[in-house]
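One letter stands for each residue in the lines below.
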Protein chains: 2
Amino acid sequence: MVEMMDITSQQLSELIELRQVRNLRTIFDEYNLIDLAEIVEQLQLKEILFLFKTLKKDITAQIFTYLTYEKKQEIIQSFTSVEIMAMLDNLYTDDIVDFLEEMPANIVKQVLNSASAEQRADINLLLSYPEYSAGSIMSTDFVELEATDTVARAIRKIKQQGKTAETISVSYVISQNRELVGTVRLRDILLAETEDTIEDLMDVDVISVKTHDDQESVAHVIKRYDITVVPVVNDENRLIGIITVDDIIDILEDEVTEDIQKMAAIMPIEGSYLKTSVKEMTKSRITWLLVLMVSATFTGTIISGYEDALLLIPALAASIPLIMSTAGNAGSQASAMVIRGIAVGELSVSDYLKVIFKEVQVAILSGLVLFAINWLRLMIFTPETSMTVDLVISLTLMLTVVISKLVGGVLPLLAMFFKQDPAAMAAPLITTMVDAVALMIYFNLAVSMLGL
Amino acid sequence: MVEMMDITSQQLSELIELRQVRNLRTIFDEYNLIDLAEIVEQLQLKEILFLFKTLKKDITAQIFTYLTYEKKQEIIQSFTSVEIMAMLDNLYTDDIVDFLEEMPANIVKQVLNSASAEQRADINLLLSYPEYSAGSIMSTDFVELEATDTVARAIRKIKQQGKTAETISVSYVISQNRELVGTVRLRDILLAETEDTIEDLMDVDVISVKTHDDQESVAHVIKRYDITVVPVVNDENRLIGIITVDDIIDILEDEVTEDIQKMAAIMPIEGSYLKTSVKEMTKSRITWLLVLMVSATFTGTIISGYEDALLLIPALAASIPLIMSTAGNAGSQASAMVIRGIAVGELSVSDYLKVIFKEVQVAILSGLVLFAINWLRLMIFTPETSMTVDLVISLTLMLTVVISKLVGGVLPLLAMFFKQDPAAMAAPLITTMVDAVALMIYFNLAVSMLGL
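On a predicted model such as this, the values are computed, not experimentally measured, just so you know. Residue indices follow the written sequence of each chain, beginning from 1 at its first position. Key to labels: chains lettered from A, ligands numbered from 1, both in the order written. Owing to the predicted nature of the model, reporting of local features is limited to residues with pLDDT of at least 70; listing and counting of side-chain atom pairs is limited to 80 or more, with chain, interface and lining totals taken over all residues. Side-chain numbers come from the whole structure's heavy atoms, not from hydrogens or water.

Moving on, we come to the domain arrangement of chain A. Split by domain assignment, chain A resolves into domain 1 (9-128), domain 2 (144-244) and domain 3 (278-450). Note that domain bounds follow an automatic or database assignment of domains. Taken over C-alpha atoms, the centre of domain 1 of chain A sits 30 Å from the centre of domain 2 of chain A.

Below, the structure is given as structure tokens:
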């Protein structure tokens, strides 16, 4: 694995205290800035400010992007507008926008006032797109070429524009009116003859996304086509920006976190575990607990309805937990598989017959196994109950598994059919539904088979 | 979004039928090969073979990598060794290995026999690493430079080695005895003066992984350092291969799928939903259902132990579902948050105090809300039960939430402390534990408060 940093925040503090500028510069040149940022985060504000005034601007700009929002805010507040301007010069526009989106209005104003006119225009453009859209996450720093450029000219342009571009692996070929007409890989330019033109080298089958596309669909395009960067165009196919794969990994992770939260009956929250307030966390969890309370009332009513049966054969009550938890688990097993299948793009609504067919088979097989083992278990461990009671419990278990797996497998697809989020068909909802059905099967079987 | 392909497999079939070679070549030049591969997948084998013999080898090689394993197997089986050799020439070694890992022995032998001696050595090297290790997923096609190379010489080397390299954005600088001493970005080489040497330009703070590192930790390194490619070295720090970010996205997704399966009480299975057999799927699900059957017996015993209480106040039975499902859901809410926090690297064992503190606060707040609303609900909708019974149920609910959230929050951290997988502390296990505790609280409160 990666060798761990052998520098501590204590050591850094000491070097700052002693004003060891040259040593500090060497450290920040040699060690990885992401590791260093974690250490800088722990320093006091005045120490950080000393560092920021001492180190090269491109290094401090990088460190800045890796710090927490709280630290960034403190730093910007202690900067003069000249210092802010120097910092902005070394940041990619999308990083600035990222940061501004979480800052209070006074900081945003302070930063915008310090930005150059050109930067301000770029920032405002990005800020104008709706949250979670391709436009809001794209970068406006890319290399653009024309189809008529020769290889020699293209290389000159790449050298020039490449200083600030997020990537130079791919350049974008635009027409006179700024329409995106092709992409060309640096690799192909380097391997070509100097007199070749970009037109000969460019790929005209361009995969692009629109500014208003959802960031999730951008992530899926990048994943599907295995590309490291995707261009963003407006409705007139004019090139506006690019989105790189590293931003996409974060988006894919957030999406998964959201799915897992939904599956665990939590209203999605955005922040991280440690940074989300108790109030916010309670809010995101209490809703489902209340909904489930209401639905559990319904399940309770079923039990109340069969009070007489319970009074006659008290042993029936002892199996309620088994039947309820088997129903819940069998259902969430099926729904988790289907929800994930949909998320990775492997299952679609049209597969519903295949899902039903598979779940029924798995359910019957699982049901038979559970039936047999449970009957054996009851015969051995509770010899005092009648054979018929054992049969009622075991039969219920089998039927419960079949119904739970069917409901769990089909509900997410149904949600998708109605353009709802499959993950919102969360385990707890399915659990409550199948709990009720399972208890009804249980008591109906008991009443009819035991003649109650 | 991406414009959809307007070509169907029917049209492709017709062009093949009519031997329209030129049209076919144009289509495969112009359209995206990933989209085309999906259409090729639906063609008949003899049609595919005609395509493979007609199109350019680098295009068929790409199409080949995008096909399903079943199709790949069929194709290789119908190829002569000369044809296989031509195909291998155009494939990256890691793609060949990927494919061989899933193939039966006879196909592996056929492919290895057709490979060139050099390729065979590379393939065998990759195949020799344990599954899921960095060595097994790396590519051996990269650009290597020496520190003493001038920029001009480096560019010549890149042009030469770059034809077969997976990436040329980064080149690797190795010493006389093949130790990895630095990395240099193509961008920096292009922007430098021709007389500069690689030593001046290279970054000596190299982030690398070891051949035997787990693929998951490779994914985390790439994510943490926001890099698109990471070098793989052996224990002597000799450069062996590289791993690119696109492979990592797939690994991260597989890992999430595994976590979700574990959280839903499914023993992880590797294949996709539709391709996993009924038997395999049943096997992966039945284990937990059986474990839960045994533990539900325990919960059942608790209820049996309080049969007398249930006979005296039958209304107590009606609330069992509410208490059990609240316990289960509150517990899995907490565990899902903590498991995900660990997975994205945001929570570690040392945060246990923070987690306990937060969960207790959230639990008390949620518990109070549930207590109040439930009491109101019972007073309004079941006026026939006594105030004390209502109080017992509501109090149980509150205590249940507190305990469930604590157990759900702490168990995953405990698992991590004992170097176990936190996701294996799955919802169902936590559910059964808290179910039992909740029922014990319930009946104990009932017995003491109602004087049963």
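The next point concerns the relation of the copies chain B and chain A. The least-squares superposition of copies is restricted to C-alpha atoms, and to residues with a pLDDT of at least 70 in both copies. For the pair chain B and chain A, the superposition axis carries a translation of 0.0 Å, the fit reaches an RMSD of 0.1 Å, and the rotation angle comes to 180°. Taken together, the rotation and translation describe the operation of a two-fold axis. Here a residue-residue contact requires only that any non-hydrogen atoms of the pair lie within 4.5 Å. The share of interface residues of chain B whose copies in chain A are also at the interface is 100%, consistent with both copies meeting through the same surface.

Residues and elements named next belong to chain B. The buried count for strand S5 (residues 229-233) comes to 5 of 5 residues, which makes it a mostly enclosed element. Only protein chains enter the calculation, and the probe is 1.4 Å; a residue is then buried if its accessible area is under 20% of its type maximum, exposed if over 50%, and partly exposed in between. Each helix is a run of DSSP H or I of at least 4 residues and each strand a run of E of at least 2, with the numbering of both proceeding from the N terminus. Along S5, one buried face is formed by Val229, Pro231 and Val233 and the opposite face, lined by Val230 and Val232, is buried too. Of the pairings in the sheet, the one linking strand S4 (residues 209-210) to S5 comprises 2 bridges and is parallel in character. Looking at S5, one finds that Lys210 is bridged to Val233. By definition, two strands form a pair when at least two bridges between them are found by DSSP.

The strands making up a sheet associate through hydrogen bonds between their backbones, and the pairing can be parallel or antiparallel. Taken in spatial order, the 3 strands line up as S4-S5-S6 (chain B) in an open sheet, and their pairing is mixed. Each having just a single partner strand, S4 and strand S6 (239-244) of chain B make up the two edges of the open sheet.

Below, the discussion takes up the nonpolar core. Phe28, Phe52 and Ile63 of chain A together with Phe28, Phe52, Ile63 and Ile248 of chain B are the most contacted members of the largest nonpolar core, which totals 128 residues. Excluding residues that lie within four positions of it along the chain, Ile63 of chain A makes contacts with Phe28, Leu33, Leu36, Ala37, Val40 and Phe52 of chain A. Residues grouped as a nonpolar core are buried Ala, Val, Leu, Ile, Met, Phe, Trp, Tyr and Cys residues, joined through side-chain atoms within 4.5 Å. The next biggest cluster of nonpolar side chains, apart from the first, holds 73 residues, and it includes Met324 and Ala363 of chain A together with Ile320 and Ile441 of chain B.

Residue and element names in this part refer to chain B. By secondary structure assignment, the location of Val232 is in strand S5. Along the sequence, Val232 and Ile27 sit 205 residues apart, while their C-alpha atoms lie 38 Å from each other. In contact with Val232, other than residues within four places in its own chain, are Ala134, Met138, Val209, Lys210, Thr211, Arg238, Leu239, Ile240, Gly241, Ile242 and Ile243.

Counting residues at the interface gives 113 residues for chain B and 113 residues for chain A. Buried surface at the junction of chain B and chain A, both sides included, amounts to about 10,200 Å², of which 67% is carbon and sulfur. Here the buried area means the combined drop in accessible surface, using a 1.4 Å probe, for two parts upon being joined, counting both sides. When residues of chain B are sorted by the area they lose upon contact with chain A, Arg187, Tyr273 and Met337 of chain B head the list and together hold 8% of the total. Basic side-chain nitrogens of Lys or Arg form a salt bridge, by our definition, when they fall within 4 Å of a carboxyl oxygen of Asp or Glu. Taken together, chain B and chain A are joined by 8 salt bridges. For Lys223 of chain A, the salt bridge goes to Glu253 of chain B, with nearest N and O atoms at 3.2 Å. Here a polar contact means two N or O atoms within 3.5 Å. Within protein one must be a hydrogen donor candidate and the other an acceptor candidate, and residues neighboring in sequence count only if both atoms are side-chain atoms. Viewed at the interface, chain A and chain B are joined by 41 residue pairs in polar contact (both at pLDDT 80 or more). Examining the composition of the side of chain B that touches chain A, we find that 17 residues originate from one element, helix H17 (residues 278-305) of chain B, more than from any other. Of the residues assigned to the side of chain B that touches chain A, the class counts are 62 nonpolar, 24 polar and 27 charged. Lys, Arg, Asp and Glu make up the charged group, whereas Ala, Val, Leu, Ile, Met, Phe, Trp, Tyr, Cys and Pro make up the nonpolar group; the residues left over, Gly among them, are polar.

This part is about a nonpolar patch on the surface. All names here are of chain A. The patch calculation keeps residues exceeding 30% relative accessible area without a salt bridge and links them within 9 Å when they carry like charges or within 5 Å when they are nonpolar (Val, Leu, Ile, Met, Phe, Trp, Tyr). Using a 1.4 Å probe, accessible areas were evaluated by the Shrake-Rupley method; residue-level cover was limited to the displayed protein chains. A contiguous nonpolar surface patch, about 580 Å² in accessible area, is contributed by Leu376, Met379, Ile380, Phe381 and Met387. Of all the elements, helix H21 (residues 352-381) adds the most residues to the nonpolar patch, at 4 residues. Mapping Met387 onto the fold places it in helix H22 (residues 387-417).

Before going further, it helps to examine the pairing of strand S3 (residues 180-185) of chain A. Residues and elements named next belong to chain A. Examined bridge by bridge, strand S2 (residues 170-174) and S3 share 5 bridges and lie antiparallel to one another. Residue Tyr172 lies in a different strand from S3, and its bridge partner there is Thr183. The antiparallel hairpin formed by S2 and S3 contains 5 residues in its connecting segment, where Arg178 sits at a positive phi of about 65°.

Pairing of aromatic rings covers Phe, Tyr and Trp, the last counted by its six-membered ring, and requires centre-to-centre distances within 6.5 Å; plane angles under 30 degrees mean stacked, over 60 mean edge-to-face, and any other angle means tilted. In total, this model carries 14 aromatic pairs over all chains according to the counting rule given. Within the aromatic cluster, the residues linked to one another by ring pairs are Tyr306, Tyr442 and Phe443 of chain A.

Residue and element names in this part refer to chain B. Considering the arrangement of structural elements, one finds Thr183 in strand S3 (residues 180-185). A relative accessible area of 16% means that Thr183 is categorised as buried. Non-local contacts of Thr183, meaning those with residues more than four positions away in its chain, are made with Val170, Ser171, Tyr172, Val173, Met202, Asp203 and Val206.

Here we come to unusual backbone geometry. You will see that Asn237 of chain A, though not glycine, has its phi angle at about 65°, which is positive. Among the secondary structure elements, Asn237 of chain A is positioned in the loop between strand S5 (229-233) and strand S6 (239-244). Accessibility expressed as a relative area gives 31% for Asn237 of chain A, which makes it partly exposed. Even without glycine at this site, Tyr132 of chain B takes up a positive phi of about 70°. Position of Tyr132 of chain B relative to the elements: it lies in the loop between helix H10 (117-127) and helix H11 (134-137). Tyr132 of chain B gets classed as partly exposed once you look at its relative accessible area, which sits at 34%.

All names here are of chain B. Counting buried positions along helix H4 (residues 45-54) gives 7 out of 10 residues, so the element sits mostly inside the fold. Listing the buried residues of H4 in full gives Glu47, Ile48, Leu49, Phe50, Leu51, Phe52 and Thr54. For H4, the secondary structure elements touched by its buried residues are helix H1 (9-17), helix H2 (21-30), helix H3 (33-41), helix H5 (57-66), helix H6 (69-78) and helix H7 (81-89).

Two measures define how a pair of helices packs: the angle their axes make with one another and the distance between the axes. Residue and element names in this part refer to chain A. Angular values range over 0 to 180 degrees, each being the angle between N-to-C directions of two axes fitted as lines to C-alpha atoms, with helices fitted over their stretch in contact. One can describe the packing of helix H20 (residues 320-343) onto H21 by two numbers: an axis separation of 12 Å at closest approach and a directional angle of 155°. Taken together, the axis directions place H20 and H21 in an arrangement best described as roughly antiparallel. Between H20 and H21 the crossing geometry is right-handed. Listed contacts from H21 to Leu322, Thr326, Ala334 and Val338 of H20 are Val355, Glu359, Leu370, Asn374 and Arg377. Partitioned by chemical class, the residues of the contact of H20 with H21 number 5 nonpolar, 2 polar and 2 charged. Every angle not falling under 35 degrees, over 145, or within 65 to 115 is termed oblique; those three ranges are roughly parallel, roughly antiparallel and roughly perpendicular. For any pair of crossing helices, the crossing counts as left-handed if the nearer helix is rotated counterclockwise from the farther one by less than a right angle, and right-handed if it is rotated clockwise.

The next point concerns the pattern of salt bridges. Residue and element names in this part refer to chain A. Throughout the structure, instances matching the rule amount to 28 salt bridges over all chains. For Lys56, the salt bridge goes to Asp29, with nearest N and O atoms at 3.7 Å. Of this pair, Lys56 sits in the loop between helix H4 (45-54) and helix H5 (57-66) while Asp29 sits in helix H2 (residues 21-30); the two residues are 27 residues apart in sequence, bridging distant segments of the chain. Given a relative accessible area of 47%, Lys56 falls into the partly exposed group.

Closest axis-to-axis distance for the H21 of chain A/H17 of chain B pair is 9 Å, and the angle between their directions is 35°. Judged by the twist between their axes, the crossing of H21 of chain A over H17 of chain B is right-handed. Between H21 of chain A and H17 of chain B, the contacting residues are Lys358, Glu359, Gln361, Val362, Leu365, Ser366, Val369, Leu370, Ile373, Asn374 and Arg377 of chain A on the first element and Val278, Lys279, Met281, Thr282, Arg285, Ile286, Leu289, Leu290, Met293 and Thr297 of chain B on the second. Residues that form the contact of H21 of chain A with H17 of chain B fall into these classes: 11 nonpolar, 5 polar and 5 charged.

Our next topic: the sheet that holds strand S4 (residues 209-210) of chain A. Strand order in the open sheet made by the 3 strands is S4-S5-S6 (chain A), with mixed pairing throughout. If you trace the sheet from one side to the other, it starts and ends with S4 and S6 of chain A, each paired once.

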